[in-house]
Number of protein chains: 6
Amino acid sequence: MKIITFGEVMLRLSPPDVERFAQTDTLSMHFGGTEANVAVSLAQFGMQVAHVTRFPDHALGRAAAGYLRKYDVDTQYIGYGDGRLGLYFLETGAGSRASQIIYDRADSAFSRILPDEIDWETILKGASWFHWTGITPALSQGAADCLLVGIQTANRLGVPVSGDIVYRSNLWKYGRTPQEIMPALTEGCTLVLGSKGLFSELYDVVGSTFQESGRALMKRFPNVRYITDTKRNSVSASHNQLSAKLFDGQNVYKSRLYDIRPITDRIGTGDAYIAGLIYGLLTFNDLQRAVEFGAAASVLKHTIPGDVNLTTVAEVDTVANGDSSGKLRR
Amino acid sequence: MKIITFGEVMLRLSPPDVERFAQTDTLSMHFGGTEANVAVSLAQFGMQVAHVTRFPDHALGRAAAGYLRKYDVDTQYIGYGDGRLGLYFLETGAGSRASQIIYDRADSAFSRILPDEIDWETILKGASWFHWTGITPALSQGAADCLLVGIQTANRLGVPVSGDIVYRSNLWKYGRTPQEIMPALTEGCTLVLGSKGLFSELYDVVGSTFQESGRALMKRFPNVRYITDTKRNSVSASHNQLSAKLFDGQNVYKSRLYDIRPITDRIGTGDAYIAGLIYGLLTFNDLQRAVEFGAAASVLKHTIPGDVNLTTVAEVDTVANGDSSGKLRR
Amino acid sequence: MKIITFGEVMLRLSPPDVERFAQTDTLSMHFGGTEANVAVSLAQFGMQVAHVTRFPDHALGRAAAGYLRKYDVDTQYIGYGDGRLGLYFLETGAGSRASQIIYDRADSAFSRILPDEIDWETILKGASWFHWTGITPALSQGAADCLLVGIQTANRLGVPVSGDIVYRSNLWKYGRTPQEIMPALTEGCTLVLGSKGLFSELYDVVGSTFQESGRALMKRFPNVRYITDTKRNSVSASHNQLSAKLFDGQNVYKSRLYDIRPITDRIGTGDAYIAGLIYGLLTFNDLQRAVEFGAAASVLKHTIPGDVNLTTVAEVDTVANGDSSGKLRR
Amino acid sequence: MKIITFGEVMLRLSPPDVERFAQTDTLSMHFGGTEANVAVSLAQFGMQVAHVTRFPDHALGRAAAGYLRKYDVDTQYIGYGDGRLGLYFLETGAGSRASQIIYDRADSAFSRILPDEIDWETILKGASWFHWTGITPALSQGAADCLLVGIQTANRLGVPVSGDIVYRSNLWKYGRTPQEIMPALTEGCTLVLGSKGLFSELYDVVGSTFQESGRALMKRFPNVRYITDTKRNSVSASHNQLSAKLFDGQNVYKSRLYDIRPITDRIGTGDAYIAGLIYGLLTFNDLQRAVEFGAAASVLKHTIPGDVNLTTVAEVDTVANGDSSGKLRR
Amino acid sequence: MKIITFGEVMLRLSPPDVERFAQTDTLSMHFGGTEANVAVSLAQFGMQVAHVTRFPDHALGRAAAGYLRKYDVDTQYIGYGDGRLGLYFLETGAGSRASQIIYDRADSAFSRILPDEIDWETILKGASWFHWTGITPALSQGAADCLLVGIQTANRLGVPVSGDIVYRSNLWKYGRTPQEIMPALTEGCTLVLGSKGLFSELYDVVGSTFQESGRALMKRFPNVRYITDTKRNSVSASHNQLSAKLFDGQNVYKSRLYDIRPITDRIGTGDAYIAGLIYGLLTFNDLQRAVEFGAAASVLKHTIPGDVNLTTVAEVDTVANGDSSGKLRR
Amino acid sequence: MKIITFGEVMLRLSPPDVERFAQTDTLSMHFGGTEANVAVSLAQFGMQVAHVTRFPDHALGRAAAGYLRKYDVDTQYIGYGDGRLGLYFLETGAGSRASQIIYDRADSAFSRILPDEIDWETILKGASWFHWTGITPALSQGAADCLLVGIQTANRLGVPVSGDIVYRSNLWKYGRTPQEIMPALTEGCTLVLGSKGLFSELYDVVGSTFQESGRALMKRFPNVRYITDTKRNSVSASHNQLSAKLFDGQNVYKSRLYDIRPITDRIGTGDAYIAGLIYGLLTFNDLQRAVEFGAAASVLKHTIPGDVNLTTVAEVDTVANGDSSGKLRR
């Protein structure tokens, strides 16, 4: 099964261990971006995945593509052009000290993408899934336009679409609001990841519970078959609790509540969830198992340095089946 | 506001992570000393701080000064001369294994300091606070004498003085006892950090509670307006509990009890407390808030590698206000 | 007191921190092997220990011997010859993610050992203890034969023998079964480490409790005076609970139940237990104290990177006496 | 243009900088193998390259494939199965101290390959080049057989074949001699890399000069159109001189003589030459330029850590055109 | 003596040793910028130096200021505001492989500087020297304007001014040409660093020799008293030859020709020269000695990692006096 | 053959690569001391060597002994007591920048040694050689006294003695001069390493050539049979030239002149020479071969990080036989 993801990939730079920016003099390199994180995760599960993005045409842009390929993501549809490589600096917290991110992604090569640079028809033909997030339309008109064509093409070709409608208010700077842009994108979705707060803010769709709000969203966007969300309780930067739920218009399927400690790397744990859920939806005939698989994938991601979830189906299954004992495997 | 601190700064050498001395072949370098730790912490809070000390006149002595400057401490009053750079070797423990320190500070350039090397008049003019600890008078007669002149000058110029009267029996080797030396130094203090046990041992001042003992101390040393102490419960090397209290002659102000885990670096957490408290006393008109700020500063220090507390007022306020969730800040 | 251990030593290669094999590009080197781990641990306790093994005659084989010498193990009886250096790759887990080992030890120089290469008479003369494990006879006929001669020599010279009868089914590949080989080896033991499940599987000795099964084993092998075992509850890869017990034919001596978190390195914690127990049996006249010392040694090992337990008697005593507070030692 | 390479890929482990095995406790990981090195190099030149090999089916085998993919080599034809991952340990020398290698590749997954595991027909269809070396037939009968089928398939499909007939006497251990095996493999070659000494030893083909010996080889193997070799003068481990020559049956084309210092990593410099030459033969219509491009590629490889030559066509062209000034490019 | 420098400071990120961007996963952090490099160098020579710049108001901007302070540069005049921290990625070459830089400095906080943000009057009062380079006016109109006010203020206050008129064509992107902007800036200079090629390109001032061209420049800009330049011969990225010359309107003073190998870090070697020359002009009454000191400073910089020249006057004097033996100092 | 060496061992701390003290924040650990360096070198040549010294009784003192044991030096005669571990900080230079050392060895545990702590009789019985240097008597009266007893015991037992009479004026601080102390020590020597300048300064023995001066020394100290010295030409910190000579009272045997570049670590290269020479004198019946072996050993040491020469006899022989090509060994 071939899966397509679309979005910006940034170079992530972080001090070793829990050092602060003020004291470090080396930085670890990883690459990541919410959609590419989903791609890598699905590739580890054995799916064929291609990520679509645009990099600057220099050694670091090439290195970013190499990073994706290393983790088995197909990079043949990646374009190269002008603009810079988006970056973010991550300082990892511990205990009561929060992790913090300094973004430096303005004017990236990806944000300069234009709709006609991507041949969606070729890319999506024969695909089994297409995934996008609310980061992309926030970056530039070109990215939003390009994404819309992608979703419409997927719809036309019958490819299921998932949208993580994450909203970051400090991104939307090119003159449009998410309220103007997001509805048309959401319309083409089969699966939506978001909270009732977001549904209300972005689409003016209200409901007093996850279920009610979900039903209202499905009414507004009739293509949507699944709505999902995770719930996180931050005890400290080193200790979180997590659960997930999935609504199919009828029932709410809830995962176990996971106690996560210690936390090695919190970045990309939401992406690991959606990747696990997509894998579950495509593979299992069992919504309960799918949401549990997604939650377990997310739990495991907390133990892995970097943005991407380097775990196998067998590893996720172990946790999804209730074994979090971490017993040595020889 | 200009703050002056005085004391030895040592080179700290520690194996990476939790390696033991027996197995490491690299050492991380930090610089620290209880008074300079207070200086750096206050500088991060935005105060103007100058640290007074004496270094050997070689590349490592210069590097030590550079370390302080990097963290915004004024080094213009530092002297350079003969003697070595004091060192300590720190092995960081975990769980049931204790951290351990091997001191190698004998005959340091600082211990050779003489009173006439420091122009206290110039340094303390216009200062808002002067901080010292019981380590300094333990090192040599010269250091004790020099400190005494400093405290007396501060008193004459109306600069408030804080003394952390920490007592390490294995330091006092130059022929005098703390009982002979400490009272004259304590007399000039506005704020004293110490326990009732210490008050009894050093000054023969007794009281059955923190409050009673504090009152007795204030009677003996009428300049003292505040007495403070912290209480630590060591569950393991990776898990501590901490609280602080402050007595102003009338009321005892107690901080919240903090649960600290995991612990990245326990060194300097007491210094972080006194820095936070001094900041609070100078900035807030609220003793309860000051002691809470101090305790929260100490809690955060446990998450930071090195001796010094690299946290901002905003970060401390978050924890002092009861939010230890460590949620990612973007 | 001179102690002799016998068995393979492997080069252990592991990614830094909790990185996965898929993402690392450096590996930390340690050397270890269950019997040599016991040797190093005993050497740290101040015992004279010589380890007997066979290495390839090249720079890495020499480095392995250097590793043992560094930790005060006598390497004069080590032979050098053909074959490769056995390796294992260790990926350290965290939380719900298990650590995993990829063994690469086939056809090692040790597995090619032959009985006549070892002069057991000289080596064991005047020794106070001889230790072996069930890994050795699983590797090759030569290793099994060589071990048998060693045990028989020890018996003849009156040297007490301990056997950790660990059984790894994927090792026994040279055509013999443990049921054929192990009984003759066990016969010469004074102390056996194993569970009732193992006793049943290897010797067809059954009993419904540790005590009953132990009694049956002693009946079958009349030389055996002590039977011991540990019990581990894996809450997660970062949090375990551990206790130990010792049976002397009459009473069962149980250690405290230890709560271990965080876990730095789980490898070799069983070996640390047996080393502590042997030390206790040879030094204390108190079986309860011996088993407690062994358990505390094992607990401390969890905090130390590498296979070997670099702790002193004083450190183990602190924990064995109930102080797991990990308070800083200056 | 699609190029196919075939051969074992090993994990290379080396101490940092010029540390000796005896003193290091970390190892850097690279992956390499003479044929895969050619593949990576060609991929950096923009060619489409697929490498055919066989890895153990575990995390390290997968990581090896990830390494190739990162550098843009197609890994779809790689098989996974039993056997271990071949390793080699490299200690890098300097000045008068030689680098040294400890091989640990016996019984690798690759050496267990069998002819029917590889679908040469599919792999080679439409290919522009096939490359092999004398390492492969030295490893096992299966590897030799599999290679022979590959060469014959290439011949049938009209795909040019290059063979680096390197001979390592300590490899041939499965009962056959290179004199028995190599001729049939060489028969299918278009391009042969080797010296007149080797031609004499392997094929009993003699000639007093490179040219004469080349002519004799072409007579014996009429398919061979090009013969090439490099000449290296080792002044020290940090300073070498290198040149290359190519014979087309009529003329000998010689490269410039390059002075190489300092040397960062000498491994894979021969593979870089052959990759450069293949690129030149496929791309330029100029044998002189092709041999110069190959030599310049080899020169540049000496500056790059690891086995593989991470240089672009533009970088090689700069050196091939006589500019070795290493001037900063902004 | 107080010296003022003005210009952008960037975060420099570079792979360890001579690794390529494509293969690294850690980056070393340094900070640098041509004018700040001069500042740090002068501070090491014992001068009082303040650097004027503008940083983003976040942890990395603060860290950049800390870096300057560590090396004894006064940071009190640094402003904080919007915009990003300029970066550059440096890959260090070796032998025939060139180092390469990927700049990522567009839209930095510095480029957004406006003239009224800097109180030149206060900053330059009592200063002994002011230094700028041609990078600053290339970045933005605001930076060019701000610099012009600085130079004019220096002229009014009688502070000597040096300008390194370096020209990078790919910087000038805000709509003005260097020919429009540079003359007014150069007019205020006492010392100009540049070649006759540059003089011709920027000011249309021609002369067939360094001397003639210098005379013509002095005619055009009567304030200019000294013209200087360096000459570099790149044998390879690891081996350069360097000399410098200074013209005072009458005589040309030439330094020795230095043979530099190996080269650790070539960045900032020109800045080290100008810093050495400024030091010489301010300290020695001897132009020959000044130019020799500058050249020797530059030579030493090639041995030091990072952008800045961490050498003392004594070290530079040793080399300037002809001793490049590098003999161990105890 | 059993060899005994005697002297202080220090912890050496050095920044990575060629970083300066001012910029580093990690230090590499090695241990070294001129006599122990000789010991390690001889142990690598396969000799049985025991080093006699005195360490502080803490984890770092134990680690120092472990370091020696790792490299096969017998540590059974090492004493533990009060005092600190001597240290030295080494900054490695390059090109025209000199390496520099900051010593921090005052009041070490070794300098507190007393003659009655060492049982020379037992230690030297059956020994084949005893080696000391002029560093030891410079440290303290106790060390000088202890050494004198050692030399006299060696003389009584017929053990040959070598003395490297190195003189460091800044060490002799306990009230005696080398002129008072050294003659009695030199009297017991069989082999003396020193220059004619030293002979004149220490013993008032003069001669216009190495030979003449040697003859005069032999006259003054009739036990001396061999005099040796090395000659070094420092082209730069990265490039030296070296040769050695040996005088037996009749002939002068000179080694080849070696060109050494690059230099990885210059420390301990003199000790490597004397170790090589001692090995040669004990093993070969050929003085020319002995001095050549010593010189080649010294040359190789320049390529090895740390104080000690980790090379084998075979490696030294290769260079001593004229092959400095550094060709890869597989």
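Residues numbered from 1 in each chain as written. Chains lettered and ligands numbered in written order. Predicted model: local features only at pLDDT ≥ 70, side-chain atom pairs only at ≥ 80, totals over all residues. Heavy atoms only, no water.

## Digging into the overall build of chain A
When its secondary structure is counted, chain A shows 11 helices and 16 strands. Against the globule reference of 20 Å for 330 residues, chain A gives a C-alpha radius of gyration of 19 Å, in line with a compact fold. In terms of its C-alpha atoms, chain A occupies a principal-axis envelope of roughly 50 × 50 × 35 Å. A burial count over chain A gives 65% of its 330 residues as buried. For chain A, long-range pairs separated by at least 24 residues make up 68% of all intrachain contacts whose partners lie at least 6 apart in sequence. Carbon together with sulfur atoms contributes 46% to the accessible area of chain A, which is approximately 11000 Å² in total. (Helix = DSSP H or I, 4+ residues; strand = E, 2+ residues; numbered from the N terminus. Rg over C-alpha atoms; globule rule 2.2 N^0.38 Å. Buried < 20%, exposed > 50% of the residue type's maximum accessible area, 1.4 Å probe, protein only. Contact = heavy atoms within 4.5 Å. Areas by Shrake-Rupley, 256 points an atom, 1.4 Å probe, with all protein chains shown as cover.)

## Brief notes about the UniProt feature "domain: Carbohydrate kinase PfkB" (unreviewed entry) in chain A
Annotation from UniProt places "domain: Carbohydrate kinase PfkB" (unreviewed entry) at residues 2-302 of chain A. The span residues 2-302 of chain A is 36% helical and 26% strand by assignment, and the distance between its end C-alpha atoms comes to 26 Å. (UniProt positions renumbered as here; feature names shortened; annotations may be inferred.)

## What to know about the interface of chain C and chain D
Contacts between chain C and chain D engage 20 residues on the former and 20 residues on the latter. Between chain C and chain D lies a buried interface of about 1600 Å² when both sides are counted; carbon and sulfur atoms form 74% of it. It is C:Leu27, C:Met29 and C:Leu60 in chain C that bury the most area against chain D; as a group they hold 30% of the surface buried on that side. Along the contact surface separating chain C from chain D lie two salt bridges. Taking the shortest distance from any N to any O, the salt bridge between C:Asp104 and D:Arg84 comes out at 2.5 Å. Here chain C and chain D share five residue pairs in polar contact (both at pLDDT 80 or more) between them. Looking at the side of chain C that touches chain D, the element that brings in the most residues is strand 3 (residues 26-32) of chain C, giving four residues. Classifying every residue of the side of chain C that touches chain D by side-chain character gives 13 nonpolar, four polar and three charged. When strand 3 of chain C meets strand 3 (residues 26-32) of chain D, the two strands line up antiparallel, connected through three bridges. Residue pairing across strands places C:Leu27 opposite D:Leu27, the latter belonging to strand 3 of chain D. (Buried area = accessible area lost by both parts, 1.4 Å probe. Salt bridge = Lys/Arg side-chain N within 4 Å of Asp/Glu carboxyl O. Polar contact = N/O pair within 3.5 Å; in protein donor to acceptor, adjacent residues only side chain to side chain. Nonpolar A, V, L, I, M, F, W, Y, C, P; charged D, E, K, R; others polar. Pairing = 2+ DSSP bridges.)

## Focus: the pairing of strand 10 (residues 129-133) of chain B
Residue and element names in this part refer to chain B. By the criterion of burial, strand 10 is predominantly enclosed, with five of the five residues buried. Residues Trp-129, His-131 and Thr-133 point to one face of strand 10 and Phe-130 and Trp-132 to the other, with burial holding for every one of them. Sheet topology places strand 1 (residues 2-6) next to strand 10; three bridges connect them, and they run parallel. Note on strand 10: the bridge partner recorded for Ile-4 is Phe-130. As defined by bridge partners, strand 10 adjoins strand 11 (residues 161-164) across four bridges and the pair is classed as parallel. By the bridge assignment, Phe-130 is partnered in strand 11 with Val-161.

## Focus: unusual backbone geometry
In the segment running from C:Arg261 into C:Pro262, the intervening peptide bond is cis, with an omega of -5°. The phi angle at D:Asp17 is positive, at roughly 50°, despite the residue not being glycine.

## Some words on the relation of the copies chain C and chain D
Screw-axis analysis of chain C against chain D gives a translation of 0.0 Å along the axis, an RMSD of 0.0 Å, and a rotation angle of 180°. Accordingly, the operation relating the two chain copies is best matched by a two-fold axis. It is C:Leu27 whose C-alpha, among those of chain C, lies nearest the rotation axis, at 2.6 Å. Interface overlap between copies is the fraction of interface residues in one copy that are interface residues in the other; for chain C against chain D it reaches 100%, indicating a shared surface. (Least-squares fit on C-alpha atoms with pLDDT ≥ 70 in both.)

## Digging into the relation of the copies chain E and chain F
Once chain E is rotated about the relating axis by 120° and shifted along it by 0.0 Å, it coincides with chain F to within an RMSD of 0.0 Å. On the angle and the small slide along the axis, the relation comes out as a three-fold axis. Taking the C-alpha atom as reference, chain E places E:Pro262 closest to the rotation axis, 4.9 Å from it. The fraction of interface residues of chain E whose copies in chain F are also interface residues is only 9%, indicating that the copies meet through different surfaces.

## Description of the side chain of A:Arg105
Residues and elements named next belong to chain A. Tracing the backbone through its elements, the reader meets Arg-105 in the loop between strand 9 (100-104) and helix 3 (120-124). You can call Arg-105 buried: its relative accessible area is 9%. Reaching out from Arg-105, the side chain makes a polar contact with the side chain of Glu-8 at a distance of 3.1 Å. Leaving out residues up to four positions away in the same chain, Arg-105 has contacts with Glu-8, Met-10, Arg-84, Gly-86, Leu-87, Ile-135, Leu-139 and Leu-171.

## Overview of the side chain of B:Glu35
Residues and elements named next belong to chain B. Examined against the element boundaries, Glu-35 turns out to sit in helix 1 (residues 34-44). Here Glu-35 is buried and forms no salt bridge, its nearest opposite-charge partner Arg-105 lying at an N-O distance of 6.6 Å. Of note is the side chain of Glu-35, whose polar atom sits 2.6 Å from the side chain of Thr-133. (Lys, Arg positive; Asp, Glu negative; His and termini not counted.)

## Brief notes about the interface of chain E and chain F
In this assembly, 23 residues from chain E lie in contact with 24 residues from chain F. Summed over both sides, the interface of chain E with chain F buries roughly 2000 Å², with 52% coming from carbon and sulfur. Broken down residue by residue, the surface that chain E buries against chain F is led by E:Leu328, E:Arg329 and E:Arg330, which jointly contribute 30%. The interface formed by chain E and chain F includes one salt bridge. The shortest N-O distance in the salt bridge between E:Glu315 and F:Arg20 comes to 2.6 Å. On the surface where chain E and chain F come into contact, there are eight residue pairs in polar contact (both at pLDDT 80 or more). Secondary structure elements with two or more residues in the side of chain E that touches chain F: helix 10 (287-301) and helix 11 (313-320) of chain E. Along the lines of polarity and charge, the residues of the side of chain E that touches chain F split into nine nonpolar, seven polar and seven charged.

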